[in-house]
Amino acid sequence: MIHGVEDLRRGFDVDADAVVVGSGPGGAVAAANLAEAGLRTVLVEAGPRVRPEDMTRDAPLFMARHYWDGGLRLVGGSSPGPAMQGRCLGGSSVVNSAIMLRLPDWVRDAWCAGDGLDPLLRDPAFDRAFDRVFQRCRVAPTPMAVMGRRNLLIRDALTHQGLPSGPLPRAVHACEGCADCITGCHAGRKQSVDRAYVTPLAEDGPLDVYTCSPVRRVLTRGDRAVGVAGRVVDPVTHRALGRFRVRAKTVVMAAGVAHTPLILRASGIRGSHGLIGATLSAHVTAGAFAIMDEVVDPWVGATQGWGAISPDIRGLKYESLWAAPSLIAVNWGDVGEPWLRDLGEMKHATVVALVYRGNVTGRVRRSPAGGPRLTLRIPDHDVHTLMRGLKVAVDGLLGVGARYVTPSVQGVSQQIRSERESGTLVSGRVKPRQVKMTFNHMFGSCRVSADPRRGPIDLDGAVRGVRGLYVSDASLFPSGSAVNPQATVMALADVISRRLADLGG
Amino acid sequence: MASPGPLSLTRVALRGFAAAAEALYPENDLGAPDWRDTEMVARAERWFVALPPKPRALLLALFSGLELGTPLLGRRWRAFSRLPVLERTALVRRWRASSIAPLKLLGDSIKSATSMIYLSHPAALRHVGQLKACDHVAPDLGVPVDPAALSSEETS
């Protein structure tokens, strides 16, 4: 059963075999496996359930209700920027572009070499987990029928630069190409984890789901986790309602990179060597907005249908991109009448986004207001590498006829019209603060490692020093995954929860 | 929703927002809808109400700071809303281009927040030429909001 706020105003107090905190990609997979194994499983989610009929194309209003901090969460540090994380049943899988890529072998090798993860990642169960996840989420390459001109122009630009590229594999069945994944899939075609994992088991099966119930702390007795507690919150008024408590001998934390460490630390759990929340990583990002002579109608076609993994710069990925105009144009161009005039150009636009693994470090702390305070330090050389990739993309767009290209970099020309002008991107003088970044891929705030000095989580996903307490989200990653993290989060969650439930691989 | 008093933070912030909206999305001969056509102030109020308390407080602080802080930030001895429209536009443009990080953040935040509201109105989307690629478009403004959510923040 899925309980909404209308059932929960007075709070609740329940017993279970296992409680999973957070219903995003990691939590949903873990909860489904535990429930399917016959354990009485409770899934608690901070946000509300959102169905297609609850969605609105008004992006600010949608985000106000279904994103953490209303979509206005800021990450501080070298390049302050937003982190857009879903706060609803299904978590960010409801609002992302559903790109599903396997963990590259070289990243797997690096994680094994650096953190001794061989027993976890070299186990054939890890590869089988990807297979299971891909099958359940109906992952398939984006069909050409819904590419739209915008994605095809990115294909042409990447081809122009000699980059091998292809349709991005996504967890969408029969995508209609609305180009607006960020306000949820109004057509109900995205196979977000609420749809692929939670709802079938909760409506017709053994999983008990409590929405609008942000967990504040893990309950412990001695060295053992015995449950979780918090207060129900009205998703419309944001007012705290009744208290809740779930008692369970197994607690799985999957509240995301920001909230998992925050809840653990608020519960007095700091992990081996105080590492919980003390490590944070993220992909660095950049983008470019190209204006073509032709009418592109960028709002037609899959949000992120085409991409490439750079063969020259390890850890760099190119993706086509679109979002609601109210988001894509927030920083674009001038103000006043010149900007209103430029809006006429939008139908000629295509956008490329770059994601680079880099060597970002950071941490999660508790802000004075009680929420997470995220900071990231981005080395200059990461930005220089990113700029090399951006120049390739900009030159590719110019090569296929872009009238001009606006990079997401301040202090350089905002209308690049030639390869000579794009050379300013690789002058070596661009600093992290100049690049407008969005941090939607963050990791590593509770790292898994064979070495307790490097990570507070052991190879079973268990928090060292607290029996019965596990982590199952992107917090586990030792470093960046170099590709969109959702599939790896789900595969790790699958392996960890199947071991927990003794389901076998 | 109870009408906010003339000195309330919400009222001051909405005055600042309206002044910015008028400056950044002015009446024009380009065929683009202006700030009134896109109901920016009413929709901003609805957005503020829908936001969780922390980002709501930040936005209210941003726009009330804009309204009341112009003497300090822009060296103009009047409230932002009392400045001529073109002067307001020029101020925001200058802040966005500033090398002083807090001023730049102020300018970019004003531009971002107001652009989000402007460009999520159907008239603005029609103007930019957005097509309906999907038949499953939900009704506009389908998110329920609590009309009393701001009432506890009134100061008068």
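Values in this document were obtained by computation on a predicted structure and should not be read as measured data. (Residues numbered from 1 in each chain as written. Chains lettered and ligands numbered in written order. Predicted model: local features only at pLDDT ≥ 70, side-chain atom pairs only at ≥ 80, totals over all residues. Heavy atoms only, no water.)

With that settled, the discussion passes to the overall build of chain B. Across its full length, chain B carries 6 helices and 0 strands. Counted from the first residue to the last, chain B has its helices and strands arranged as α-α-α-α-α-α. When burial is assessed residue by residue, chain B has 51% of its 156 residues classed as buried. Across chain B, every contact between residues at least 6 apart in sequence was considered, and the portion connecting residues at least 24 apart equals 61%. Per element, the accessible surface of chain B, about 7,100 Å² overall, is 59% carbon and sulfur. (Helix = DSSP H or I, 4+ residues; strand = E, 2+ residues; numbered from the N terminus. Buried < 20%, exposed > 50% of the residue type's maximum accessible area, 1.4 Å probe, protein only. Contact = heavy atoms within 4.5 Å. Areas by Shrake-Rupley, 256 points an atom, 1.4 Å probe, with all protein chains shown as cover.)

Turning our attention to helix α2 (residues 25-36) of chain A. Residue and element names in this part refer to chain A. Taking 1.5 Å per residue, 12 residues should reach 16 Å; α2 reaches 17 Å between its end C-alpha atoms and fits that length. Among the 12 residues of α2, 11 are classified as buried, and the element is accordingly described as predominantly covered. Among the residues of α2, those classed as buried are P25, G26, G27, A28, V29, A30, A31, A32, N33, L34 and A35. Residues of α2 that are buried make contact with β3 (18-21), β4 (41-44), α6 (124-136), α8 (193-203), β14 (250-253) and α14 (486-500). In the stretch just after α2, G38 is the one whose phi turns positive, near 95 degrees. (Expected span 1.5 Å × (residues − 1).)

Residue and element names in this part refer to chain A. Overall, mixed pairing links the 4 strands, which are arranged β2-β13-β12-β11 in an open sheet. The sheet is open, and its two edges are formed by β2 (12-15) and β11 (215-221), each paired on a single side. Averaged over neighbouring strand pairs, the angle between their axes works out to 20 degrees when direction is ignored. With 6 bridges connecting them, strand β12 (residues 224-233) and strand β13 (residues 240-247) associate as antiparallel partners. Following the sheet pairing, V233 is matched in β13 by A240. (Pairing = 2+ DSSP bridges. Axes fitted to C-alpha atoms, helices over the stretch in contact; angles between N-to-C directions.)

This part covers the pattern of salt bridges. If the charged atoms of two oppositely charged side chains come close together, the side chains can form a pair. Residue and element names in this part refer to chain A. Under the criterion given, the structure shown has 39 salt bridges over all chains. For the salt bridge of R136 with E36, the shortest nitrogen-to-oxygen distance reads 3.3 Å. Note that R136 is positioned in helix α6 and E36 in helix α2, a separation of 100 residues in sequence. Given a relative accessible area of 43%, E36 falls into the partly exposed group. For D451, the salt bridge is made with R453, and the minimal N-O distance between the two is 3.1 Å. The exposure class of R453 is exposed, given its relative accessible area of 59%. Linked through salt bridges whose partners overlap, the residues forming this network are D13, D15, R245 and R247. (Salt bridge = Lys/Arg side-chain N within 4 Å of Asp/Glu carboxyl O.)

The next point concerns the packing of α2 of chain A against α14 of chain A. Residues and elements named next belong to chain A. Their axes nearest at 8 Å, the elements α2 and α14 cross at an angle of 30 degrees. Compared by their axis directions, α2 and α14 come out roughly parallel. Pair α2 / α14 crosses with right-handed handedness. Residues P25, G26, V29, A30, N33 and L34 of α2 form the contact with α14, whose participating residues are Q486, V489, M490, A493, D494, S497, R498 and L500. Split by residue class, the contact of α2 with α14 holds 8 nonpolar, 4 polar and 2 charged. (Parallel < 35°, antiparallel > 145°, perpendicular 65-115°, else oblique. Left-handed = near helix turned anticlockwise from the far one by under 90°. Nonpolar A, V, L, I, M, F, W, Y, C, P; charged D, E, K, R; others polar.)

Residue and element names in this part refer to chain A. With respect to the element layout, S272 can be found in the loop between α9 (256-266) and β15 (281-282). The buried category is assigned to S272, whose relative accessible area is 13%. A polar atom in the side chain of S272 sits 2.9 Å from the backbone oxygen of P452. Setting aside chain neighbours within four positions, we find S272 in contact with P452, G455, P456 and R464. (Polar contact = N/O pair within 3.5 Å; in protein donor to acceptor, adjacent residues only side chain to side chain.)

A word on the interface of chain A and chain B. Where interface size is given, it is often the accessible area lost as the parts come together that is meant. At the interface, 49 residues of chain A touch 55 residues of chain B. Summed over both sides, the interface between chain A and chain B buries roughly 4,300 Å², with carbon and sulfur atoms accounting for 64% of that surface. Of all residues in chain A, L61, V335 and L340 of chain A give up the largest surface area on contact with chain B, accounting jointly for 15% of the area buried on that side. On the surface where chain A and chain B come into contact, there are 3 salt bridges. (Buried area = accessible area lost by both parts, 1.4 Å probe.)

Here we take up empty space enclosed by the protein. Residue and element names in this part refer to chain A. Applying the stated criterion across every chain yields a total of 3 cavities of 30 Å³ or more. Estimated volume of the largest cavity: approximately 150 Å³. Along its surface, the largest cavity is lined by 18 residues, and C175, G177, C178, C181 and C185 are the ones closest to its centre. Residue composition of the lining of the largest cavity, grouped by class: 8 nonpolar, 4 polar and 6 charged. (1 Å grid on protein atoms, 1.4 Å probe; cavity = no way out; pocket = protein on both sides within 12 Å on 5 of 7 lines; lining within 4 Å. Points joined across faces, edges and corners; volume = space filled by probe spheres on them.)

Turning to the packing of aromatic side chains, a few remarks are in order. Residue and element names in this part refer to chain A. Within the structure shown, the criterion is met by 18 aromatic pairs over all chains. Plain terms: the ring middles of W299 and W322 are 6.1 Å apart, the flat faces sit at 75 degrees to each other, and that makes the pair edge-to-face. Of this pair, W299 sits in the loop between β16 (284-292) and β17 (306-309) while W322 is found in the loop between β18 (316-321) and α10 (325-328), placing the two residues 23 residues apart along the sequence. Pair check on accessibility: W299 and W322 agree, each one buried. Taken together, the ring pairs connect F289, W299, W322 and W332 into an aromatic cluster. The residue whose ring lies beneath R87 is W68, and the NZ or CZ to ring-centre distance is 4.6 Å. Lying over the aromatic face of F134, R102 brings its terminal NZ or CZ to 5.1 Å of the ring centre. (Phe/Tyr/Trp six-rings, centres within 6.5 Å; stacked < 30°, edge-to-face > 60°. Lys NZ or Arg CZ within 6 Å of the ring centre and 35° of its normal.)

The subject of this paragraph is the pairing of β14 of chain A. Residues and elements named next belong to chain A. Neither face of β14 is exposed, since T250 and V252 on one face and V251 and M253 on the opposite face are all buried. As judged from the 4 bridges shared by β3 and β14, these two strands associate in the parallel manner. Looking across to β14, one finds that A18 is bridged to T250. Both β14 and strand β24 (residues 469-471) contribute to a ladder of 3 bridges, which runs parallel. Directly across from V252, in β24, lies its bridge partner Y470.

Attention shifts here to the sheet that holds strand β6 (residues 81-82) of chain A. Residue and element names in this part refer to chain A. A sheet is described by the order of its strands in space; here 4 strands give the open sequence β6-β5-β21-β20, paired in mixed fashion. Two strands bound the open sheet, and with one partner strand each, they are β6 and β20 (361-366). Summarising the sheet, strand β5 (residues 74-77) and strand β21 (residues 372-377) pair through 2 bridges and their orientation is parallel. The residue bridging G76 from the neighbouring strand is T375, located in β21. Packing of α9 onto the sheet brings it into contact with β20 and β21, and relative to β20 it is tilted by some 50 degrees.

Residues and elements named next belong to chain B. Helix α5 (residues 101-119) packs onto helix α1 (residues 9-24) with a crossing angle of 80 degrees between their chain directions and a minimal axis gap of 10 Å. The orientation of α1 relative to α5 falls into the category roughly perpendicular. Together, F17, A20 and L24 of α1 and I110, K111, T114 and I117 of α5 make up the contact between the two elements.

Moving on, we come to unusual backbone geometry. Residues and elements named next belong to chain A. Although it is not a glycine, R138 adopts a positive phi angle of roughly 55 degrees. Within the secondary structure, R138 is located in the loop between α6 and β7 (140-141). For R138, a relative accessible area of 42% corresponds to the partly exposed category. Its identity is not glycine, yet A179 carries a phi of approximately 60 degrees, on the positive side. Tracing the sequence through the fold places A179 in the loop between β9 (169-170) and α8. A relative accessible area of 3% means that A179 is categorised as buried.

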